[in-house]
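# A closer look at the structure
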Amino acid sequence: MNLYIVESPLQLICAFESINLNKKDHYLLLIRLSGRGDNDKHLRNCIDFLGLKCVFFTLRPNHVKIDFIFNLSLWIKVFFRKYEIIYFGSACSSFIKFINLFLWGKEYIYLDDGLATLRIQKKIEQRKINELNFFTFFNISGIGKQKIYKNEFNAIKNYLEKSRTHSSYFIGQPVEKMIGFSKEDYIKCVNMVAKQYSKESPLIYIPHRVEDIENIKGISNIKILKIEMPVELFFILSSNELPSKIYSCYSTALITLKNMIPNVECYSFYSKVNNLEEIDVIYSYFKETSINIIEF
């Protein structure tokens, strides 16, 4: 049996790809609900669309001890099993680091947790942390004994319809948690794109599931489209449109959607003033994968 522990919609999509690639019905998928933003709603909607069997558990950031004890019977069942492969959703999660102390598997593999994968890989390259195995949609090479398993999104691509209309989209990010961007910077980026459109033919803005959209409500020539699932599943499974152009700052969706949707043009905003080493590795990767960089 393989074990999967995920905490975000993107991690769940990656778990779906791994389960299909392994072609094993014998797996245990644990999904953490955190009560944060629309994260839980997106996770539940993902499960409805993907049809995976799973076990939900609640672990809220401000009630970790109480919630952990409440789910104690689950942890006992999980801890007293041996697994072939254990897939973790994030190498940065303190919860994952804690629960890993009680698990036993023949192999440990980390799923992608957005662009954090690139930052972690950079730390491995610099020998700041130990080598971790990845099941990843990023084009990265193994270091030392590290194993890299490629995620091509083949299971998701099977749902893709070829004949659809096309529009331009801006994929939002929670600016309060972004590195190298102030609120003013972020609004400026959205405005730069919106000026190319009109009220009759607006730029479609998709907010992040934990984003405060008050930041962008006053911008002209945009239409705010709130979705209740990851943007990848929205385009592949739900929308009547496919994007022809996608704008963002450094959202992971620029990578995932470029991998999934043929001929889509992706544009990323880069601040020449606030550039930091922690995100420069991301922009370097964007350039290598033909994502257009707009400097401001």
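Quick look at the confidence of the model for the protein chain now. Of all residues in the protein chain, 98% attain a pLDDT of 70 or more, and the chain-wide mean is 91. No element of the protein chain has a lower mean pLDDT than helix 9 (residues 231–238), which averages 86, and none a higher one than strand 6 (residues 134–136), which averages 98.

What follows concerns the packing of aromatic side chains. A full pass over the atoms with the stated rule returns 27 aromatic pairs. For the ring pair F170 and Y205, a centre distance of 5.6 Å and an interplane angle of 15° mean the geometry is stacked. Of this pair, F170 sits in strand 8 (residues 165–171) while Y205 sits in strand 9 (residues 203–206), and the two are 35 residues apart along the sequence. The same class applies to F170 and to Y205, which are both buried. Ring centres 6.3 Å apart and planes at 75° place the aromatic pair Y250 and Y283 in the edge-to-face group. With Y250 in the loop between strand 11 (241–248) and helix 10 (253–260) and Y283 in helix 11 (residues 277–288), this pair connects stretches of sequence that are 33 residues apart.

Secondary-structure assignment places N71 in the loop between helix 3 (64–70) and helix 4 (72–79). According to the relative accessible area criterion, N71 is buried, its value standing at 12%. Those residues in contact with N71 that lie beyond four places of it in its chain are F57 and T58.

When strand 11 meets strand 12 (residues 265–270), the two strands line up parallel, connected through four bridges. Pairing of K245 across the sheet is with E265, part of strand 12. You can see the chain leave strand 11, run along helix 10 and come back into strand 12, and the turn it takes is right-handed.

Here helix 2 (residues 39–50) spans 16 Å end to end across twelve residues, near enough to the 16 Å set by a 1.5 Å rise per residue. Of the positions making up helix 2, those classed as buried are N39, D40, H42, L43, N45, C46, I47 and L50. Next to the buried residues of helix 2 lie helix 1 (9–22), strand 2 (27–33), strand 3 (55–58), helix 7 (154–157) and helix 9.

Spatially, seven strands are ordered 3-2-1-4-5-6-7 in an open sheet, and the strand pairing comes out parallel. Of all the strands in the sheet, just strand 3 and strand 7 (148–150) have a single pairing partner and so form its edges. Within this sheet the neighbouring strands show an average axis-to-axis angle of 25°, counted without direction. As paired elements, strand 6 and strand 7 share three bridges and run parallel to each other. The residue of strand 7 that forms the bridge with T136 is K150. Against the sheet, helix 2 makes contact with strand 2 and strand 3, and its axis sits at roughly 155° relative to strand 2, the strand it touches most.

Moving on, we come to the pairing of strand 12. Burial runs high along strand 12: five of the six residues are buried. As judged from the four bridges shared by strand 12 and strand 13 (residues 292–295), these two strands associate in the parallel manner. The partner of S268 across the bridge, within strand 13, is I293.

One non-glycine residue, R127, lies in positive phi territory at about 65°. Inspection of the secondary structure puts R127 in the loop between helix 6 (116–125) and strand 6. Exposure remark for R127: the relative accessible area of 58% places this residue in the exposed category.

Reading guide: rules and limits
Residues numbered from 1 in each chain as written. Predicted model: local features only at pLDDT ≥ 70, side-chain atom pairs only at ≥ 80, totals over all residues. Heavy atoms only, no water. pLDDT = per-residue confidence, 0-100. Helix = DSSP H or I, 4+ residues; strand = E, 2+ residues; numbered from the N terminus. Phe/Tyr/Trp six-rings, centres within 6.5 Å; stacked < 30°, edge-to-face > 60°. Buried < 20%, exposed > 50% of the residue type's maximum accessible area, 1.4 Å probe, protein only. Contact = heavy atoms within 4.5 Å. Pairing = 2+ DSSP bridges. Right-handed = clockwise from strand over helix to strand, strands pointing away. Expected span 1.5 Å × (residues − 1). Axes fitted to C-alpha atoms, helices over the stretch in contact; angles between N-to-C directions.

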